[in-house]
Amino acid sequence: MSTSETVIAVSGLGKVYQSGFQALKSVDLQIRRGEILALLGPNGAGKTTLISIICGIVNPSSGKVTVDGYDITRDYRRARSLIGLVPQELTNNLFDTVWATVTLSRGLFGKPPNRAYLESLLRDLSLWDKRNEKMMALSGGMKRRVLIAKALAHEPQILFLDEPTAGVDVELRRDMWAMVRTLRDKGVTIILTTHYIEEAEEMADRIGVINRGELLLVEDKAVLMRQLGKRQLIIQLQQPLTALPAAVAGKTVELTDNGSTLVYTFDAQCEQTGVGDLLRALAREGVEFKDVNSSQSSLEEIFVGLVHDSNQQRSRA
Amino acid sequence: MNLYGMWAIYYSELSRMWRTLFQSIASPVISTSLYFIVFGAAIGARMEEIDGVSYGAFIIPGLIMLMLLNESISNASFGIYMPKFTGTLYEVLSAPVSPIEIVVGYVGAAATKSVLLGLLILITARLFVTYEIAHPVWMMSFLILTAVTFSLFGFIIGVWADGFEKLQIIPLMIVTPLAFLGGSFYSISMLPPVWQTITLFNPVVYLISGFRWSFYGQADVHIATSLAMTFVFLAICLTLVWWIFRTGYKLKP
């Protein structure tokens, strides 16, 4: 199966709600078949609106979306039948049993009853023992599992997970990550929105960053971290300094921890990182080191930096 | 056509009726039985016949219609309002089901419940009064047509309502008074001439009159007029439902 083939194509997608709020501004996005794409963005960035339009829950104001080549408006039946959605909120009919609600989901998507598949799905999600229980009797984590079961009940090729691990415990989060990987291995394309950067870092093949209705970038996770990730050399000093040594003046070096640590920030992409020059210069000045280590920016720092820059550009404009 | 999708909605809505069996079936049957006991057996025994029909038998079509209007509106409005309220409507909106299939699922289930209840009340009435049905096919046709029309009306109310108060206000403030003043318990020919004219602006008059005609072959207004008015109301409801899905009004932002 080709992984570079586009399965969802979004072009010029815009959404202005009746209140006048512009949730999306001409978004262009291509989602590849079989990938895990993580959409990151602060609250109100437009992540849920983007997902909701693709799934058919919200009407677009402008632009076009195709799912596996099917237009979501003209060929909505074919487009929607390929998609499963796990919503952000724990929305469930509290009086339905687990089995009834999952059966309803499969039927809604036009699939004939398949008891064996639904049984296997519920077993995979540790829900089989709860199949005859009403939704209201389940814990929050179990309700979240049921939402996943409902989204998978019609065997979708594309799965949207809108903040799937918000408010769930660590065990369930790990279970869900494992489940997402299994689905990806089966060829399911997965798009997840999340506030948890570690989730995106752990799971995603590509990362999209969205802020105030604009898609700031979409990039392979590794490339993104390589391109935007800053490396830092942290030098613990034997004796604290009161000021930066003259030999390192003009370099991106900071004196921290009451003068006991020097932090050198550099671009890992450059051939000449300047690390050797810095250490030699410090040695010449007689500065002794206790310890030296390096670190790379986390995705969280990259994300915060991107959103911050975007907000600054906006306020300047 | 997504038949499985349509059936899933219809079946799920009917299941709700079985879950709330007492509220859905027993409650309207008991309340209607009380009407028969009070107005049919107790007071009705002292009333004169109306157009050659005993009072107890005369009120049967009106009482069934009263229940039918209330139950159709209540079932259909609740059916679409609850998924909106709980947020589960996302699943229907994101599913490959057309507006027609959604409406058939929700409205069909509400109308089915109402028709079953109507028939149940008809059977219950037999315990209290003797009656005959002159035109059984027309009786069933009116029953189904009215149930579908007012279930559509209920669907519209359920979409429009953004709180439980709004869900109740139209059935309580408009439909029930119109049904009571629409000849459920009397023939409009018993009213003074001015009120007879005013009553003709009440659409429920035509429903009750037509339904009563199917029982006793007598009506306040001509059967063709009753039928035409029912279809006019059906057409208005269908147009409004079409507009709701066309614009996404209160369903799809």
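Residues numbered from 1 in each chain as written. Chains lettered and ligands numbered in written order. Predicted model: local features only at pLDDT ≥ 70, side-chain atom pairs only at ≥ 80, totals over all residues. Heavy atoms only, no water.

- As named in an unreviewed UniProt entry, chain B is Transport permease protein, taken from Halopseudomonas bauzanensis.
- Recorded under Sequence similarities (unreviewed entry), the UniProt text for chain B is reproduced unchanged: "Belongs to the ABC-2 integral membrane protein family." (UniProt positions renumbered as here; feature names shortened; annotations may be inferred.)

- If you look chain A up in an unreviewed UniProt entry, it shows as ABC-2 type transport system ATP-binding protein from Halopseudomonas bauzanensis.

**Thoughts on the overall build of chain B**
So, point 1. Secondary structure assignment for chain B yields 10 helices and 0 strands.
So, point 2. In chain B, the order of α-helices and β-strands from amino to carboxyl end is α-α-α-α-α-α-α-α-α-α.
So, point 3. Taken along its principal axes, the extent of the C-alpha atoms in chain B is 60 × 35 × 35 Å.
So, point 4. Residue burial in chain B is summarised as follows: out of 253 residues, 53% are buried.
So, point 5. Of all intrachain contacts in chain B linking residues separated by at least 6 positions in sequence, the fraction that spans at least 24 positions is 79%.
So, point 6. Entry remark: accessible area of chain B is about 11,300 Å², with carbon and sulfur atoms responsible for 72%.
So, point 7. Side-chain charges in chain B split into 11 positive and 11 negative, and the spacing between the mean points of these groups amounts to 10 Å. (Helix = DSSP H or I, 4+ residues; strand = E, 2+ residues; numbered from the N terminus. Buried < 20%, exposed > 50% of the residue type's maximum accessible area, 1.4 Å probe, protein only. Contact = heavy atoms within 4.5 Å. Areas by Shrake-Rupley, 256 points an atom, 1.4 Å probe, with all protein chains shown as cover. Lys, Arg positive; Asp, Glu negative; His and termini not counted. Charge placed at Lys NZ, Arg CZ, Asp CG, Glu CD.)

**Details of helix α1 (residues 47–55) of chain A**
In an α-helix, one turn spans 3.6 residues; hence positions three or four apart end up facing the same way.
So, point 1. A large share of α1(A) lies buried, amounting to 8 of its 9 residues.
So, point 2. Looking one or two residues beyond α1(A), the residue adopting positive phi is A:Gly56, at roughly 95 degrees.

**So, the UniProt feature "transmembrane region" (unreviewed entry) in chain B**
Residue and element names in this part refer to chain B.
So, point 1. Mapped onto this structure's residue numbering, the UniProt feature "transmembrane region" (unreviewed entry) falls at residues 20–43, 55–82, 102–125, 137–161, 167–186, 198–215 and 221–245.
So, point 2. Annotation note: span residues 55–82, helix share 100%, strand share 0%, distance between end C-alpha atoms 40 Å.
So, point 3. Secondary structure content for residues 198–215 is 83% helix and 0% strand, and the end C-alpha separation is 25 Å.

**Quick notes on the packing of aromatic side chains**
So, point 1. Using the criterion set out here, one finds 17 aromatic pairs over all chains in the structure.
So, point 2. Between B:Tyr131 and B:Phe215, the aromatic rings sit 6.3 Å apart at their centres with planes inclined by 55 degrees, giving tilted as the arrangement. A residue pair is termed long-range when its members are at least 10 positions apart, and B:Tyr131 in the loop between α5 (99–125) and α6 (136–160) and B:Phe215 in helix α9 (residues 203–216) qualify at 84 residues. Judged on exposure class, the residue B:Tyr131 and its partner B:Phe215 are both buried.
So, point 3. An angle of 50 degrees between the planes, with centres 5.8 Å apart, marks the rings of B:Phe215 and B:Tyr216 as tilted.
So, point 4. An aromatic cluster is present here, built from B:Tyr131, B:Phe211, B:Phe215 and B:Tyr216 joined pairwise through their rings.
So, point 5. Across the ring face of A:Trp128, the terminal group of A:Arg131 is positioned such that the distance to the ring centre comes to 3.9 Å.
So, point 6. One cation-aromatic arrangement involves B:Arg126 over B:Tyr131; the distance from NZ or CZ to the ring centre is 4.9 Å. (Phe/Tyr/Trp six-rings, centres within 6.5 Å; stacked < 30°, edge-to-face > 60°. Lys NZ or Arg CZ within 6 Å of the ring centre and 35° of its normal.)

**Here's the deal with the interface of chain B and chain A**
So, point 1. Each partner contributes residues to the interface: chain B has 26 residues there, and chain A has 29 residues.
So, point 2. Summed over both sides, the interface between chain B and chain A buries roughly 2,300 Å², with carbon and sulfur atoms accounting for 57% of that surface.
So, point 3. In this structure, the connection of chain B to chain A is made through 2 salt bridges.
So, point 4. Here A:Lys150 and B:Glu91 are joined by a salt bridge, their closest N and O atoms 2.8 Å apart.
So, point 5. For the pair chain B and chain A, the interface holds 11 residue pairs in polar contact (both at pLDDT 80 or more).
So, point 6. Those elements that place two or more of their residues in the side of chain B that touches chain A are α1 (3–19), α4 (89–94) and α5 of chain B.
So, point 7. With 6 residues, α1(B) is the single largest residue contributor to the side of chain B that touches chain A.
So, point 8. Looking at the side of chain B that touches chain A residue by residue, the class counts come to 12 nonpolar, 10 polar and 4 charged. (Buried area = accessible area lost by both parts, 1.4 Å probe. Salt bridge = Lys/Arg side-chain N within 4 Å of Asp/Glu carboxyl O. Polar contact = N/O pair within 3.5 Å; in protein donor to acceptor, adjacent residues only side chain to side chain. Nonpolar A, V, L, I, M, F, W, Y, C, P; charged D, E, K, R; others polar.)

**Observations regarding the domain arrangement of chain A**
A common way to express how large an interface is: the accessible area buried when the components associate.
So, point 1. For chain A, the assigned domains are domain 1 (6–226) and domain 2 (230–296).
So, point 2. Averaged C-alpha coordinates put domain 1 of chain A and domain 2 of chain A at centres separated by 45 Å. (Domains from an automatic or database assignment.)

**With respect to the sheet that holds strand β7 (residues 158–162) of chain A**
Residues and elements named next belong to chain A.
So, point 1. A sheet is described by the order of its strands in space; here 6 strands give the open sequence β6-β7-β8-β3-β9-β10, paired in mixed fashion. At either end of the open sheet lies a strand with only one pairing partner, and these are β6 (83–86) and β10 (214–220). The sheet shows a mean angle of 15 degrees between the axes of neighbouring strands, taken without regard to direction.
So, point 2. Inspection of the sheet shows strand β9 (residues 206–211) paired to β10 by 6 bridges, in the antiparallel sense. Bridge assignment links Ile207 to a residue of β10, and that residue is Glu219.
So, point 3. The strands touched by helix α5 (residues 140–152) are β6 and β7; relative to β6, the strand with the most contacts, the crossing angle is about 170 degrees.
So, point 4. Helix-sheet contacts for helix α6 (residues 170–185) involve β3 (36–40), β7 and β8 (189–194), and the interaxial angle to β8 is about 150 degrees. (Pairing = 2+ DSSP bridges. Axes fitted to C-alpha atoms, helices over the stretch in contact; angles between N-to-C directions.)

**Concerning empty space enclosed by the protein**
So, point 1. In the structure shown here, the tally under the stated rule is 4 cavities of 30 Å³ or more.
So, point 2. Surrounding the largest cavity, A:Ile83, A:Gly84, A:Leu85, A:Ser105, A:Phe109, A:Lys150, A:Ala151, A:His154, B:Tyr90, B:Glu91 and B:Ser94 form its lining.
So, point 3. Sorting the residues of the lining of the largest cavity by element identifies β6 and α5 of chain A together with α4 of chain B as the ones contributing at least two each.
So, point 4. Broken down by class, the residue content of the lining of the largest cavity amounts to 5 nonpolar, 4 polar and 2 charged. (1 Å grid on protein atoms, 1.4 Å probe; cavity = no way out; pocket = protein on both sides within 12 Å on 5 of 7 lines; lining within 4 Å. Points joined across faces, edges and corners; volume = space filled by probe spheres on them.)

**Details of the environment of B:Ser114**
Residues and elements named next belong to chain B.
So, point 1. With respect to the secondary-structure elements, Ser114 resides in helix α5.
So, point 2. For Ser114, a relative accessible area of 0% puts it in the buried group.
So, point 3. C-alpha of Ser114 to C-alpha of Pro28: the two residues are 86 residues apart in sequence and 10 Å apart in space.
So, point 4. In this structure, Ser114 is in contact with Met67, Leu68, Glu71, Ser72, Asn75 and Ala147, ignoring residues within four places of it in sequence.
So, point 5. Among the polar contacts listed, one links the side chain of Ser114 to the side chain of Ser72, at a separation of 3.0 Å.

**Let's talk about the pairing of strand β2 (residues 22–32) of chain A**
Residue and element names in this part refer to chain A.
So, point 1. Pairing of strand β1 (residues 6–16) with β2 involves 7 bridges; the strand directions are antiparallel. By the bridge assignment, Lys15 is partnered in β2 with Leu24.
So, point 2. The antiparallel pairing of β1 with β2 creates a hairpin that spans 5 residues between the two strands, and Gly20 there sits at a positive phi of about 100 degrees.

**Quick word on unusual backbone geometry**
Residues and elements named next belong to chain A.
So, point 1. Residues other than glycine seldom take positive phi values, yet Ser126 does so here, at roughly 55 degrees.
So, point 2. Take Ser126: it is sitting in the loop between α4 (115–124) and α5.
So, point 3. The class of Ser126 is partly exposed, set by a relative accessible area of 45%.
So, point 4. Residue Asp257 is not a glycine yet carries a positive backbone phi of 50 degrees.

**Some thoughts on the packing of helix α2 (residues 21–43) of chain B against helix α3 (residues 55–86) of chain B**
All names here are of chain B.
So, point 1. At a minimum axis distance of 10 Å, the contact between α2 and α3 shows a crossing angle of 150 degrees. Relative to α3, the element α2 is oriented roughly antiparallel. Relative to α3, α2 is oriented so that their crossing is right-handed. Contacts from Ser24, Pro28, Thr32, Tyr35, Phe36, Phe39 and Gly40 of α2 reach α3 at Tyr55, Gly56, Ile59, Ile60, Leu63, Leu66, Met67 and Glu71.
So, point 2. Residues of the contact of α2 with α3, tallied by class, amount to 10 nonpolar, 4 polar and 1 charged. (Parallel < 35°, antiparallel > 145°, perpendicular 65-115°, else oblique. Left-handed = near helix turned anticlockwise from the far one by under 90°.)

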